[in-house]
Every structure is written in structure tokens, then in C-alpha cells.
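Here is what each chain is made of, one letter per residue.
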Amino acid sequence: MSTNPKAASLSPLVGYVECPFDRVHRVLPNRLAMHIIRCARNFPSSKMVRCPFNVTHLYSVADMTKHVIDCPNRSTMEKYMNPENLPPLERRPSNFCAPSDEDWDAEPPASTYNPKTHCETNLIVINPQGYPRAARREIRERERRRFRENGKF
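Residues numbered from 1 in each chain as written. Predicted model: local features only at pLDDT ≥ 70, side-chain atom pairs only at ≥ 80, totals over all residues. Heavy atoms only, no water.

1. What about a positive patch on the surface?
Then step 1. Residues R133, R137, R140, R144 and R148 make up a contiguous surface patch of positive charge.
Then step 2. Mapped onto the fold, R148 is located in helix α6 (residues 133-149). (Patch = residues over 30% accessible without salt bridge, like charges linked within 9 Å, V, L, I, M, F, W, Y side chains within 5 Å. Areas by Shrake-Rupley, 256 points an atom, 1.4 Å probe, with all protein chains shown as cover. Salt bridge = Lys/Arg side-chain N within 4 Å of Asp/Glu carboxyl O. Lys, Arg positive; Asp, Glu negative; His and termini not counted. Charge placed at Lys NZ, Arg CZ, Asp CG, Glu CD. Helix = DSSP H or I, 4+ residues; strand = E, 2+ residues; numbered from the N terminus.)

The following block contains the structure:
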């Protein structure tokens, strides 16, 4: 028995699928659709046809007729093509109302927030930005008077 570390790391590729164009290519199943698009450019002369039920199924024209009959994804497509064969949907009651203790029509326990009155009563400086020059000057003078009256400056 050899204890070669390279030989131990070369385990069989579990969970990978073969590329239909090149059997040497091993790809994860969720990446196969993208790989097929890229790999098909390298094999323009191949006569592979895509399955109408699953784009990752590629077969020759002769094998495709047999595959279309036996494709495992055919049943899902037929369910959507023939909805009358689906089991009937259970009807939900139309007057469904979730029980709740909340009264949305009652007034809230706290009064609503008015930022203008909050700034005026708590000595918060009002930003005059965006007003015309005369209005900015008026706001600054009013703020100075308000702060002097309350003894802050």
C-alpha cells in the first residue's frame, strides 16, 4: 500500500455529470446548462438536439424521438399543458377574517409628532437652508431672540 498524498486526493468525482459534447468534461449539475452553451461553440458540427422538456438533455436526432417519450421531465410539462387533469383546488372561505384585539379606528394613546413644535419647545436650532436670503436672515434673528429669552446664549 502506498501512502502517496496525490493518489489519496484523486477521489472519484461524485455528484458530477458528463458533458454531452465532450465526455472528458465533468460539471456540477447546476452548472450544466451554462456549460452546454459554452461547449456547443467548440463543437459546431455535432448534430445534437435539445430536449423540449429539459435544456440539459442533448441527444442525436435519432435518439431524440425515443427520449421525448421517456423523458423524466415530460410529466411536469404535461401537468401545465393539461390543467384539467390536475386535482381540484380546495376552495378557501371568502369571508376569512383573522381574530385581532386591535382597534384600528380608535385614536392612538400618544399624540402625533409635530417636528416644528418640538424644535420650538426644546431649543433645537432650525436649519434655514433652502429658504431665500431674506427668510434665512429672519429665521436666524428669530432663533437668536428665542435662545436669549430662554437664557441659553
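Moving on from the coordinates now.
2. Details of the pattern of salt bridges
Then step 1. Considering all chains together, one arrives at 4 salt bridges under this definition.
Then step 2. A salt bridge links E18 to R23; the shortest N-O distance between them is 3.6 Å.
Then step 3. Here E18 ties to R26 by a salt bridge, and the two come within 2.8 Å at their closest N and O atoms.
Then step 4. A single salt-bridge network, built from bridges that share partners, covers E18, R23 and R26.

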